[in-house]
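In case you want the letters, here they are:
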Amino acid sequence: MFDSHVTTLLDVAVSLVNVLTDGEERGKPFTAPRGADLPGAVDAGLPPTDTGPRAIAQVQAVYLAQTAQRMRRVFEAVSAGRVDDAAAALNALLLSAGARPQLDRVAGEPWQLHFHGTDDSLAVGWSAGCATALALAIGSDFAGRLGVCRATHCDRVYVDSSRNAARQFCSTACQNRTKAAAFRARQTTKH
(Lines give C-alpha, C1' and ligand atoms only; values in the text may rest on other atoms or scores of the structure.)
Protein backbone atom coordinates (compact mmCIF):
# COMPACT_ATOMS: atom_id res chain seq x y z
CA MET A 1 0.00 0.00 0.00
CA PHE A 2 2.59 2.56 1.11
CA ASP A 3 6.35 2.75 0.88
CA SER A 4 8.34 1.44 3.83
CA HIS A 5 8.90 4.88 5.35
CA VAL A 6 5.18 5.75 5.40
CA THR A 7 4.38 2.28 6.71
CA THR A 8 6.86 2.83 9.54
CA LEU A 9 5.29 6.19 10.36
CA LEU A 10 1.79 4.66 10.40
CA ASP A 11 3.06 1.89 12.70
CA VAL A 12 4.57 4.51 15.01
CA ALA A 13 1.31 6.49 15.00
CA VAL A 14 -0.57 3.34 16.08
CA SER A 15 2.05 2.52 18.69
CA LEU A 16 2.07 6.01 20.20
CA VAL A 17 -1.73 6.19 20.35
CA ASN A 18 -1.95 2.76 21.95
CA VAL A 19 0.86 3.37 24.46
CA LEU A 20 0.14 7.01 25.35
CA THR A 21 -3.66 7.30 25.56
CA ASP A 22 -6.04 6.11 28.25
CA GLY A 23 -8.92 3.81 27.46
CA GLU A 24 -9.41 0.08 27.39
CA GLU A 25 -7.14 -2.68 26.19
CA ARG A 26 -8.13 -6.32 25.71
CA GLY A 27 -11.07 -6.10 28.05
CA LYS A 28 -9.37 -4.13 30.83
CA PRO A 29 -9.01 -0.45 31.69
CA PHE A 30 -5.77 1.04 30.38
CA THR A 31 -4.11 4.04 31.96
CA ALA A 32 -1.30 5.56 29.92
CA PRO A 33 2.00 6.21 31.68
CA ARG A 34 2.45 9.63 33.21
CA GLY A 35 5.11 11.62 34.99
CA ALA A 36 8.50 9.96 35.25
CA ASP A 37 7.23 6.87 33.38
CA LEU A 38 6.25 8.86 30.28
CA PRO A 39 9.70 9.16 28.60
CA GLY A 40 10.25 5.39 28.79
CA ALA A 41 6.79 4.76 27.33
CA VAL A 42 7.52 7.14 24.45
CA ASP A 43 10.79 5.35 23.78
CA ALA A 44 8.95 2.02 23.76
CA GLY A 45 6.44 3.43 21.27
CA LEU A 46 9.14 4.49 18.82
CA PRO A 47 11.17 2.14 16.61
CA PRO A 48 14.24 0.76 18.40
CA THR A 49 17.64 2.30 17.78
CA ASP A 50 20.98 0.56 17.31
CA THR A 51 22.31 2.41 20.34
CA GLY A 52 19.69 1.26 22.84
CA PRO A 53 17.09 3.29 24.73
CA ARG A 54 16.83 7.00 23.98
CA ALA A 55 17.18 9.64 26.66
CA ILE A 56 13.90 11.45 26.08
CA ALA A 57 13.32 14.73 27.90
CA GLN A 58 10.06 15.06 29.81
CA VAL A 59 8.95 18.02 27.67
CA GLN A 60 9.45 15.93 24.49
CA ALA A 61 7.50 13.03 26.01
CA VAL A 62 4.62 15.33 27.00
CA TYR A 63 4.54 16.78 23.46
CA LEU A 64 4.29 13.29 21.93
CA ALA A 65 1.61 12.28 24.44
CA GLN A 66 -0.42 15.30 23.31
CA THR A 67 0.19 14.32 19.68
CA ALA A 68 -1.04 10.80 20.48
CA GLN A 69 -4.27 12.25 21.89
CA ARG A 70 -4.78 14.24 18.70
CA MET A 71 -4.02 11.20 16.51
CA ARG A 72 -6.49 9.10 18.54
CA ARG A 73 -9.23 11.55 17.53
CA VAL A 74 -8.27 10.96 13.89
CA PHE A 75 -8.57 7.18 14.21
CA GLU A 76 -11.87 7.50 16.08
CA ALA A 77 -13.32 9.89 13.50
CA VAL A 78 -12.35 7.64 10.57
CA SER A 79 -13.68 4.56 12.36
CA ALA A 80 -17.00 6.35 12.91
CA GLY A 81 -17.19 7.37 9.24
CA ARG A 82 -16.45 11.04 9.97
CA VAL A 83 -13.58 11.48 7.52
CA ASP A 84 -14.17 15.24 7.30
CA ASP A 85 -13.58 15.53 11.07
CA ALA A 86 -10.45 13.37 10.76
CA ALA A 87 -9.12 15.58 7.97
CA ALA A 88 -9.75 18.74 10.00
CA ALA A 89 -7.97 17.26 13.03
CA LEU A 90 -5.05 16.18 10.87
CA ASN A 91 -4.79 19.55 9.16
CA ALA A 92 -4.54 21.19 12.58
CA LEU A 93 -1.86 18.70 13.67
CA LEU A 94 0.11 19.17 10.44
CA LEU A 95 0.00 22.94 10.90
CA SER A 96 1.04 22.86 14.56
CA ALA A 97 3.96 20.52 13.83
CA GLY A 98 4.94 22.51 10.76
CA ALA A 99 5.18 19.33 8.68
CA ARG A 100 7.27 19.78 5.56
CA PRO A 101 8.48 17.19 3.08
CA GLN A 102 12.18 16.82 2.43
CA LEU A 103 14.25 14.35 0.45
CA ASP A 104 16.89 12.72 2.65
CA ARG A 105 19.48 10.13 1.85
CA VAL A 106 20.65 7.42 4.19
CA ALA A 107 24.04 5.92 3.33
CA GLY A 108 23.69 3.02 0.91
CA GLU A 109 19.99 3.68 0.23
CA PRO A 110 18.09 5.69 -2.40
CA TRP A 111 16.64 9.10 -1.69
CA GLN A 112 13.65 8.95 0.64
CA LEU A 113 10.86 11.41 1.28
CA HIS A 114 10.89 12.29 4.98
CA PHE A 115 8.58 14.65 6.81
CA HIS A 116 10.17 17.12 9.20
CA GLY A 117 8.60 19.57 11.60
CA THR A 118 9.25 23.22 12.32
CA ASP A 119 12.26 22.06 14.30
CA ASP A 120 14.06 18.76 14.17
CA SER A 121 13.43 17.82 17.77
CA LEU A 122 12.41 14.25 18.44
CA ALA A 123 8.83 15.15 19.39
CA VAL A 124 8.09 17.62 16.61
CA GLY A 125 9.79 15.44 13.99
CA TRP A 126 7.83 12.31 14.90
CA SER A 127 4.61 14.33 15.25
CA ALA A 128 5.06 15.82 11.78
CA GLY A 129 5.96 12.46 10.25
CA CYS A 130 3.08 10.54 11.82
CA ALA A 131 0.58 13.28 10.95
CA THR A 132 1.78 13.30 7.34
CA ALA A 133 1.53 9.51 7.06
CA LEU A 134 -2.03 9.61 8.43
CA ALA A 135 -2.82 12.41 5.97
CA LEU A 136 -1.48 10.30 3.11
CA ALA A 137 -3.78 7.47 4.18
CA ILE A 138 -6.84 9.69 4.55
CA GLY A 139 -6.08 11.53 1.32
CA SER A 140 -6.04 8.27 -0.63
CA ASP A 141 -8.20 5.20 -1.04
CA PHE A 142 -6.83 3.86 2.25
CA ALA A 143 -8.74 6.08 4.71
CA GLY A 144 -10.90 3.11 5.69
CA ARG A 145 -7.78 1.23 6.73
CA LEU A 146 -7.51 3.26 9.95
CA GLY A 147 -9.53 1.63 12.69
CA VAL A 148 -10.42 1.30 16.36
CA CYS A 149 -10.70 -2.22 17.78
CA ARG A 150 -14.28 -3.53 17.74
CA ALA A 151 -13.79 -5.93 20.62
CA THR A 152 -15.81 -5.23 23.74
CA HIS A 153 -13.83 -3.13 26.19
CA CYS A 154 -10.98 -2.34 23.83
CA ASP A 155 -10.32 0.94 22.07
CA ARG A 156 -6.78 0.40 20.80
CA VAL A 157 -6.18 1.52 17.21
CA TYR A 158 -4.69 -0.19 14.14
CA VAL A 159 -3.90 0.25 10.46
CA ASP A 160 -5.37 -2.54 8.35
CA SER A 161 -2.71 -3.79 5.95
CA SER A 162 -4.59 -6.94 4.94
CA ARG A 163 -5.36 -7.58 1.28
CA ASN A 164 -9.12 -7.60 1.74
CA ALA A 165 -9.40 -4.67 4.18
CA ALA A 166 -11.45 -6.76 6.60
CA ARG A 167 -9.54 -6.23 9.85
CA GLN A 168 -11.72 -5.28 12.84
CA PHE A 169 -9.47 -5.88 15.83
CA CYS A 170 -6.24 -4.44 17.21
CA SER A 171 -4.81 -7.88 17.88
CA THR A 172 -5.38 -11.59 17.53
CA ALA A 173 -6.07 -11.68 21.28
CA CYS A 174 -9.05 -9.34 20.87
CA GLN A 175 -10.28 -11.25 17.83
CA ASN A 176 -10.08 -14.55 19.74
CA ARG A 177 -11.73 -13.03 22.82
CA THR A 178 -14.63 -11.79 20.68
CA LYS A 179 -15.03 -15.14 18.91
CA ALA A 180 -14.97 -17.02 22.22
CA ALA A 181 -17.63 -14.69 23.68
CA ALA A 182 -19.83 -15.17 20.60
CA PHE A 183 -19.40 -18.96 20.87
CA ARG A 184 -20.34 -18.92 24.57
CA ALA A 185 -23.39 -16.76 23.78
CA ARG A 186 -24.54 -19.23 21.10
CA GLN A 187 -24.06 -22.16 23.49
CA THR A 188 -26.10 -20.41 26.19
CA THR A 189 -29.02 -19.78 23.81
CA LYS A 190 -29.02 -23.45 22.72
CA HIS A 191 -29.60 -24.63 26.29
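Just above sits the structure.
Residues numbered from 1 in each chain as written. Predicted model: local features only at pLDDT ≥ 70, side-chain atom pairs only at ≥ 80, totals over all residues. Heavy atoms only, no water.

Two elements in contact, helix α2 (residues 38–45) and helix α3 (residues 58–79), have axes whose closest approach is 9 Å; the angle formed by their N-to-C orientations is 60°. Classified by the angle their axes make, α2 and α3 are oblique. Crossing hand, α2 versus α3: left-handed. Two secondary-structure elements touch here, α2 through L38, P39 and V42 and α3 through Q58, A61, V62, L64 and A65. (Axes fitted to C-alpha atoms, helices over the stretch in contact; angles between N-to-C directions. Helix = DSSP H or I, 4+ residues; strand = E, 2+ residues; numbered from the N terminus. Parallel < 35°, antiparallel > 145°, perpendicular 65-115°, else oblique. Left-handed = near helix turned anticlockwise from the far one by under 90°. Contact = heavy atoms within 4.5 Å.)

Take the pairing of strand β4 (residues 111–116) next. Every regular strand shows the same layout, with side chains that alternate between the two sheet faces. Relative to β4, strand β3 (residues 100–105) runs antiparallel, the two sharing six bridges. Residue pairing for β4: R100 is matched across the bridge by H116. (Pairing = 2+ DSSP bridges.)

Once that is clear, we can look at a nonpolar patch on the surface. A contiguous nonpolar surface patch, about 340 Å² in accessible area, is contributed by L103, W111 and L113. In this structure, L103 sits in strand β3. (Patch = residues over 30% accessible without salt bridge, like charges linked within 9 Å, V, L, I, M, F, W, Y side chains within 5 Å. Areas by Shrake-Rupley, 256 points an atom, 1.4 Å probe, with all protein chains shown as cover. Salt bridge = Lys/Arg side-chain N within 4 Å of Asp/Glu carboxyl O.)

What follows covers the nonpolar core. By size, the foremost hydrophobic cluster in this structure holds 40 residues, and its most contacted members are L16, V42, M71, F75, L134, I138 and L146. Elements with a contribution of two residues or more to this core: α1 (4–20), α2, α3, α4 (83–97), α5 (122–138), β5 (146–148) and β6 (157–159). Ignoring sequence-local partners within four residues, the contact set of M71 consists of A13, L16, V17, L93, C130 and L134. Core analysis: the next-biggest nonpolar cluster, separate from the first, contains six residues, A151, C154, F169 and C174 among them. (Core = buried A, V, L, I, M, F, W, Y, C linked by side-chain atoms within 4.5 Å. Buried < 20%, exposed > 50% of the residue type's maximum accessible area, 1.4 Å probe, protein only.)

Attention now goes to α1. Across its 17 residues, α1 extends 24 Å between first and last C-alpha, which sits within 8% of the 24 Å expected from 1.5 Å per residue. Among all positions of α1, only H5, V6, L9, L10, V12, A13, V14, L16, V17, N18 and L20 are buried. Next to the buried residues of α1 lie β2 (28–30), α2, α3, β4, α5 and β6. Structurally, the start of α1 carries an N-cap: the backbone nitrogen of H5 is 3.0 Å from a side-chain oxygen of D3. (Expected span 1.5 Å × (residues − 1). Polar contact = N/O pair within 3.5 Å; in protein donor to acceptor, adjacent residues only side chain to side chain.)

The subject of this paragraph is α5. Compared with an ideal rise of 1.5 Å per residue, which puts 17 residues at 24 Å, α5 spans 24 Å between its outermost C-alpha atoms and is within 8% of the ideal. When you tally the buried positions in α5, you get 12 out of 17 residues, the bulk of the element. Those residues of α5 that are buried are in contact with α1, α3, α4, β4 and β5.

Right, let's talk about the environment of Y63 for a bit. Looking at the element boundaries, Y63 is found in helix α3. Along the sequence, Y63 and P110 sit 47 residues apart, while their C-alpha atoms lie 31 Å from each other. Once residues within four sequence positions are removed from consideration, Y63 is found in contact with S96, A97, A123, V124 and S127.

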